Amino acid sequence: MTDLSEAIRRRRSAARVTGPAPTDDDVLDLVAAAATGPDHGLMRPWRLISVRGAARSTLGRAAAADLPPEDEAGRDREAAKPLRAPLLLSIVFTPRENPKVPEWEQLAATSAMVHNLVLLLHVRGWGAMWRTGPASRSSAVGAVLGLAPGERSLGWLFVGTPDPVSIPAPRPAFDARDRLSQLTPQGAVTPLFPRAGTAT
Ligand SMILES: Cc1cc2nc3c(=O)[nH]c(=O)nc-3n(C[C@H](O)[C@H](O)[C@H](O)COP(=O)(O)O)c2cc1C
């Protein structure tokens with residue numbers, strides 16, 4: 001079993017992926033596990049739409065339709081973007097009214113699920129990258145994806161087999177000292193790890 005901290009530290013987004021991609025059954029299994037993330041009220045305020053094969057071109061054409069006809073190069077670029085991966089998982093945020101769970105908490109739960117999914121894909125050897133861009137805000141793309149009123153596209157996980165040549169090195173550990181502080185009994189918030197020469 002892969003150590004979780006090792007998986008988190010080593011994971012990088014895979015900008016270049018090829019086939020094969022996880023099967024629908026793989027996706028079902030991984031999403032079921034990813035959905036165990038923190039979720040106030042267990043609302044699971046999201047759904048995923050798988051886009052493979054020729055459906056990627058359907059998505060690309062919709063994204064291109066938002067650009068002016070004279071911008072031919074831009075339209076071609078936008079149309080080709082979904083072809084960068086064999087599988088796109090469209091992330092749809094589906095917030096609902098809940099007096100105890102404001103929308104931002106539902107978005108936080110969705111984000112936790114998506115990153116769980118990214119990590120699970122990583123430990124199974126798949127490459128993934130969360131991408132948004134203009135297509136995620138396009139009404140034509142929203143229509144193709146069948147977004148209901150109130151639903152919002154959060155972009156796509158581009159998923160596939162990572163190109164071994166272009167897997168980036170793990171990032172150096174982040175120095176989190178500046179982000180950590182503490183509340184003292186006297187009611188002051190002070191650095192948890194004061195820098196040398198910093199008064200406490
Ligand atoms: C919601 C969201 C949307 C993103 N959209 C894009 C995007 O459209 N294009 C892009 O290059 N990176 C995008 N990123 C960033 C990449 O997914 C990735 O995290 C970033 O390149 C850092 O690489 P790393 O994951 O290897 O640290 C997005 C990240 C998030 C969380």
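Predicted model only: the values in this text are computed from it and were never measured. (Residues numbered from 1 in each chain as written. Predicted model: local features only at pLDDT ≥ 70, side-chain atom pairs only at ≥ 80, totals over all residues. Heavy atoms only, no water.)

Enquirer: Looking at this structure, how should I read the overall build of the protein?
Expert: The number of helices and strands found in the protein is 6 helices and 7 strands. Its helices and strands in sequence order give the protein the pattern α-β-α-β-α-α-β-α-β-α-β-β-β, from N to C terminus. On the principal axes, the C-alpha backbone points of the protein span a range of 60 × 45 × 40 Å. Scored against the burial criterion, the 200 residues of the protein give a buried share of 34%. The contacts in the protein between residues at least 6 apart in sequence include a share of 77% that link residues at least 24 apart. For the protein, the accessible surface area stands at approximately 12000 Å², while carbon and sulfur atoms represent 57% of it. (Helix = DSSP H or I, 4+ residues; strand = E, 2+ residues; numbered from the N terminus. Buried < 20%, exposed > 50% of the residue type's maximum accessible area, 1.4 Å probe, protein only. Contact = heavy atoms within 4.5 Å. Areas by Shrake-Rupley, 256 points an atom, 1.4 Å probe, with all protein chains shown as cover.)

Enquirer: Mind showing me how you'd approach the UniProt feature "binding site: FMN" (unreviewed entry) in the protein here?
Expert: The UniProt entry lists R11, R12, S13, H40, W130, R131 and T132 under the feature "binding site: FMN" (unreviewed entry), expressed in the numbering used here. Judged by maximum C-alpha separation, these annotated positions cover 122 residues in sequence and are scattered in space, the widest gap reaching 28.2 Å. Relative to the assigned elements, S13 resides in the loop between α1 (4–10) and β1 (17–18). Filtering out sequence-adjacent residues up to four positions away, S13 remains in contact with A128, M129 and P168. Side-chain polar atoms of S13 contact the side chain of R11, separated by 3.4 Å. Inspection of the secondary structure puts T132 in the loop between β4 (127–131) and α6 (139–145). Given a relative accessible area of 47%, T132 falls into the partly exposed group. The residues touching T132, leaving out its near neighbours within four places in the chain, are L154, G155 and W156. (UniProt positions renumbered as here; feature names shortened; annotations may be inferred. Polar contact = N/O pair within 3.5 Å; in protein donor to acceptor, adjacent residues only side chain to side chain.)

Enquirer: When you look at helix α2 (residues 24–34) in this model, what are you seeing that I'm missing?
Expert: Those residues of α2 that fall on the buried side of the exposure criterion are V27, L30, V31 and A34. Axial view of α2: buried residues confined to an arc of 100°, hence all on one face. Opposite its buried face, α2 presents the exposed residues D25, L28 and A32, each directed more than 90 degrees away. Looking at the buried positions of α2, the neighbouring elements they touch are β2 (46–52), β3 (87–93) and α5 (103–123). (Arc of directions from axis to C-beta.)

Enquirer: Just checking my understanding: could you explain the site of the ligand for this structure?
Expert: Every residue close to the ligand is listed here: R11, R12, S13, M129, W130, R131, T132, G133 and R171. R12 places a polar side-chain atom, nitrogen or oxygen, 2.7 Å from an oxygen atom of the ligand. S13 places a polar side-chain atom, nitrogen or oxygen, 2.6 Å from an oxygen atom of the ligand. Taking 620 Å² as the accessible area of the ligand by itself, protein coverage stands at 55%. Here the shell around the ligand is built from residues that sort into 2 nonpolar, 3 polar and 4 charged. (Near = heavy atom within 4 Å. Nonpolar A, V, L, I, M, F, W, Y, C, P; charged D, E, K, R; others polar.)

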